[in-house]
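Architecture and fold: a report
Listed below are the residues making up each chain.
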Amino acid sequence: MKYLSEWDQWKRYSSKSWKRFIEKAREMTTHLELWREDIRSIEGKFGTGIQSYFSFLRFLVLLNLVIFLIIFMLVLLPILLTKYKITNSSFVLNPSKAVDIQCTVYPISSSGLIYFYSYIIDLLSGTGFLEETCLFYGHYTIDGVEFQNFTYDLPLAYLLSTIAYLALSLLWIVKRSVEGFKINLIRSEEHFQSYCNKIFAGWDFCITNRSMADLKHSSLRYELRADLEEERIRQKIADRTSEETIRIYSLRLFLNCIVLAVLAACFYAIYRATIFSQEHMKKEIDKMVFGENLLILYLPSIVITLANFITPMIFAKIIHYEDYSPGFEIRLTILRCVFMRLATICVLVFTLGSKITSCDNYSCELCGYNQKLYPCWETQVGQEMYKLMIFDLIIILAVTLFVDFPRKLLVTYCSSWKLMQCWGQQEFAIPDNVLGIVYGQTICWIGAFFSPLLPAIATLKFIIIFYVKEMSLIHTCRPSPRQFRASNSNFFFLLVLLIGLCLAVIPLTISMAHIPSSKACGPFTNFNTTWEVVPKTVSTFPGSLQSVVHGITSEAFAVPFFMIICLIMFYFIALAGAHKRVVDQLREQLSLESRDKRYLIQKLTEAQRETRN
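These remarks concern the structure in this document. (Residues numbered from 1 in each chain as written. Predicted model: local features only at pLDDT ≥ 70, side-chain atom pairs only at ≥ 80, totals over all residues. Heavy atoms only, no water.)

Quick word on a positive patch on the surface
A surface patch of like charges, here positive, comprises R12, K16, K19, R20 and K24. With respect to the secondary-structure elements, R20 resides in helix α1 (residues 6-30). Here R20 falls in the partly exposed class, since its relative accessible area comes to 47%. (Patch = residues over 30% accessible without salt bridge, like charges linked within 9 Å, V, L, I, M, F, W, Y side chains within 5 Å. Areas by Shrake-Rupley, 256 points an atom, 1.4 Å probe, with all protein chains shown as cover. Salt bridge = Lys/Arg side-chain N within 4 Å of Asp/Glu carboxyl O. Lys, Arg positive; Asp, Glu negative; His and termini not counted. Charge placed at Lys NZ, Arg CZ, Asp CG, Glu CD. Helix = DSSP H or I, 4+ residues; strand = E, 2+ residues; numbered from the N terminus. Buried < 20%, exposed > 50% of the residue type's maximum accessible area, 1.4 Å probe, protein only.)

What to know about the packing of helix α13 (residues 377-413) against helix α16 (residues 454-475)
Running from amino to carboxyl end, α13 crosses α16 at an angle of 10°, the nearest separation of the two axes being 11 Å. Taken together, α13 and α16 sit at an angle that is classed as roughly parallel. Note on element contacts: α16 touches α13 through L454, I457, A458, K461, I464, I465, V468, K469, M471, S472 and H475, opposite M385, Y386, M389, I390, D392, L393, I396, L397, T400, D404, F405 and K408. Residue composition of the contact of α13 with α16, grouped by class: 15 nonpolar, 3 polar and 5 charged. (Axes fitted to C-alpha atoms, helices over the stretch in contact; angles between N-to-C directions. Parallel < 35°, antiparallel > 145°, perpendicular 65-115°, else oblique. Contact = heavy atoms within 4.5 Å. Nonpolar A, V, L, I, M, F, W, Y, C, P; charged D, E, K, R; others polar.)

Observations regarding empty space enclosed by the protein
Across all of its chains, the model carries 2 cavities of 30 Å³ or more by this definition. Of the pockets and cavities examined, the largest cavity occupies roughly 40 Å³. Around the largest cavity sit I71, V75, Y158, S161, T162, Y165, A448, F449 and P452, which together line it. Among the secondary structure elements, those contributing two or more residues to the lining of the largest cavity are α3 (48-83), α5 (154-186) and α15 (430-450). (1 Å grid on protein atoms, 1.4 Å probe; cavity = no way out; pocket = protein on both sides within 12 Å on 5 of 7 lines; lining within 4 Å. Points joined across faces, edges and corners; volume = space filled by probe spheres on them.)

Overview of the nonpolar core
Core analysis: the largest hydrophobic core is formed by 121 residues, its most contacted members being Y53, F54, F56, Y165, W445, F449 and L497. In terms of residue count, α3 provides more of this core than any other element does, 15 residues in total. A domain split of this core shows at least three residues from each of domain 1 (14-46) and domain 2 (47-141 + 159-209 + 244-522). The residues contacting Y53, other than those within four sequence positions of it, are F428, I430, N433, V434, I437, I465, K469 and F493. (Core = buried A, V, L, I, M, F, W, Y, C linked by side-chain atoms within 4.5 Å. Domains from an automatic or database assignment.)

A look at unusual backbone geometry
Backbone geometry at W35 places phi at a positive 60°, although glycine is not the residue there. Of note, W35 is situated in the loop between α1 and α2 (36-46). The phi torsion at K85 lies on the positive side, around 55°, for a residue other than glycine. Relative to the helices and strands, K85 resides in the loop between α3 and β1 (90-92). For K85, a relative accessible area of 67% translates into the label exposed.

Quick notes on the side chain of E470
Here E470 lies in helix α16. Here E470 falls in the buried class, since its relative accessible area comes to 11%. Not counting residues up to four positions away in its chain, the partners in contact with E470 are D38, I42 and F54.

Any functional reading would require information that these geometric values do not contain.
In structure tokens form, the structure reads like this:
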């Protein structure tokens, strides 16, 4: 330091001080992490594989909390400030022009004599008194909020909040998945290296419990057996004759046809259940008993839950006859279950969309949607998403309380029974639990547009699930012998979550761009579709800015932009290929150096022998 100038000394000193401050700040923020001690305790007792599931659940809690804050700040806060006279502002209500009065009819539920259980039904289904609250889309029938210096455009803010939370979710998921992708890319190794890594570097030093250590031993043995089985299957594939190849591919084709038939049957059952529920849910409540009404309201949710419960067992049986390697069996089964769980939500939404746009009377053709059955169709779609969210939570709690705990008691106190020995203790299967919370998150992404407070409900739901799953893991479950590495788990979880986000964007885009918005409720009563608020807003810009926006959205800009993006993508693909070749060359050099060392040691040994002789 004494040979540097005072300015250079000050720069180096300030740089070190700033780095030290950043390190201390990061150390302090780690103590503010949600469930830090609980997750560290789980990691110490059960390893990093199960810990990654609970870390992923914590990530979803934070994601939904941020989504709720975005919607609250952009949509709900200006309304609350005006409604409760906190600021000097007023609502802007523009009368609908060129819209028939039949399209603006929105019958409010009649007040009067109400059965005592009606409040329970309303709470579970989102109807009745909940339908008129800020929980659903129909409550926001406002064109804007006029403050002292400007007018707040609520329809534009409502649409921007949806785009913002979808974009935020995409960026956050991609950012978290990049690190896991890098680790998986680095670990694309040879089979011999895989064996060495499992034997010499496969131990999880976070495990402190003896039973968990035994489980880790069995997990490593299982992985080695799986690797040897994959090697055996590779050798078997290489030795197959033409007749055996034709037979196995014919069998796989037949079994995949069965899988498609099972999926089609489930989708058709969901379609019929949704149609039946929508046609009968308008029946007067005094004409049916409590259980009948609740069954009709929750019929699509019940069918979806049964499909999600039965189809994984069918897929697990079918996969055994397809003669795949053990690792590929797990990935293919998970992929099929992911498609099944997430596609059921899309089937439900598209079925509702077909019912909404099916016109069989004059008022329907006049309004562009079935106004008689769905005067505020966005609210009713939000109610379906709300029911799926509540029913999924009820099922998780019911399975834990009435299946896992009794099973634990029976296995503990009736272990001498042969049936209990065959049944065994409940396993904490990481992939199945991850698929369950990804399913719930996909419901939240779709439903947040139709029910703005659904992310808050999802946040509360995931907090409850965290404590329920933690209690179930500690007291009733044992970890599955098929464990995942933490890095592989994190990347796999985020990949499945990204698939759910992509599937959620499809129905949202169609409903906002193609289905006519309700004329009786919501902030888009003066627009034919939700997306029309964007060109209307652009038309208020100055002429030069409008020209820039139209130029960016035109084909003349889109085609060159797409070609440049493709060139950049091909460049990075080529760069990644070059880096991979360099890595392979370095690995080969390491191998050659080890051979050189072996050769030198051999020569030295021979020279020493000659010297002794």
